Amino acid sequence: MNVGTKDRIRFGVAGQTLSFETPQGRPTGTPTVVLYDHRRDRDDAANNPILASANATQGATTTLDGNAGAAQTDPRRIPLTSTTGITVGSFFLITDDDLNRSERVEVVEVAAGDYIRARYPLQFDYDNGDTFASALLTSGAVPTVWASDEDNLGVDFEAVWSYTTGGIAYVTTTRWDLVREVPDFAVSDSDLLERHPDMNR
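Residues numbered from 1 in each chain as written. Predicted model: local features only at pLDDT ≥ 70, side-chain atom pairs only at ≥ 80, totals over all residues. Heavy atoms only, no water.

(A) Here's a closer look at the packing of aromatic side chains. Taken as a whole and judged by the stated rule, the model has seven aromatic pairs. Following the ring pairs from residue to residue traces out a cluster consisting of Phe20, Trp161, Tyr163 and Tyr170. Seen from the ring of Tyr36, Arg42 lies directly overhead, with NZ or CZ sitting 4.3 Å from the centre. Stacked on the ring of Phe91, the Lys or Arg Arg104 has its end atom at 3.9 Å from the ring centre. (Phe/Tyr/Trp six-rings, centres within 6.5 Å; stacked < 30°, edge-to-face > 60°. Lys NZ or Arg CZ within 6 Å of the ring centre and 35° of its normal.)

(B) Structural detail: a negative patch on the surface. A cluster of acidic side chains, namely Asp97, Asp98, Asp125 and Asp127, defines a negative patch on the protein surface. For Asp127, the location among the structural elements is in the loop between β12 (125–126) and β13 (131–133). (Patch = residues over 30% accessible without salt bridge, like charges linked within 9 Å, V, L, I, M, F, W, Y side chains within 5 Å. Areas by Shrake-Rupley, 256 points an atom, 1.4 Å probe, with all protein chains shown as cover. Salt bridge = Lys/Arg side-chain N within 4 Å of Asp/Glu carboxyl O. Lys, Arg positive; Asp, Glu negative; His and termini not counted. Charge placed at Lys NZ, Arg CZ, Asp CG, Glu CD. Helix = DSSP H or I, 4+ residues; strand = E, 2+ residues; numbered from the N terminus.)

(C) The arrangement of the sheet that holds strand β11 (residues 115–118) in detail. Taken together, the six strands give an open sheet; going across it, the order is β6-β13-β9-β10-β11-β8, and neighbouring strands pair in antiparallel fashion. This sheet does not close on itself; its edge strands, each paired only once, are β6 (61–63) and β8 (77–79). When strand polarity is set aside, the average angle formed by the axes of neighbouring strands in this sheet is 35°. The pairing of β6 with β13 spans three bridges and is classified as antiparallel. (Pairing = 2+ DSSP bridges. Axes fitted to C-alpha atoms, helices over the stretch in contact; angles between N-to-C directions.)

(D) Summary view of the sheet that holds strand β5 (residues 57–58). One open sheet holds the three strands; their spatial order is β2-β14-β5, and the pairing between them is antiparallel. Each edge of the sheet is formed by a strand with only one pairing partner; in this case those strands are β2 (19–21) and β5. Pairing geometry for β5 and strand β14 (residues 136–138), over two bridges, is antiparallel. Bridged to Gln58 within β14 is Leu137.

(E) Structural view of the environment of Val155. Following the sequence through the fold, Val155 ends up in strand β15 (residues 154–165). If sequence neighbours within four positions are ignored, Val155 has contacts with Lys6, His38, Trp176 and Asp177. (Contact = heavy atoms within 4.5 Å.)

Geometry only, nothing functional implied.
Shown next, in the form of structure tokens:
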């Protein structure tokens, strides 16, 4: 999940997790997350929490294996020491700690063990050894027994994330749903042309 995106857990499916991209950058230390049922008081020990406080898994982090940025021949190419844990469609922060500047990039290509390519050209220049890190946190699995109970189908359950970035402690609540099916609203070009053939002119 990225900032502004709401997680949906499918009814009866095991091993599902929630995620949250921290807007302040990659946390330090050990982030945690607790899952709550908003329909009941948080101190209702029989029903809350759904998932007790547990460490949140952080996304990949690595360093640049060369220069990257606006001054390079390909300002979208970012050479990396490692590409382990980096996938197409994921978001990462490239950071120059010496100059206190950073950019959030979307990965559109991964050359294993060599480099990634960002969707858009970098605006700043970065040096060998600068940081390339995910700010994504992932929860433990939502309990299968809970996710298989029809009485729990509903919206706006709560995930409370606790983490520290830049020496400041944050607590953020995100919302998530338990649904029978995750809706797919993808609309292709052919769908649009079928309804509006004039667009093909």
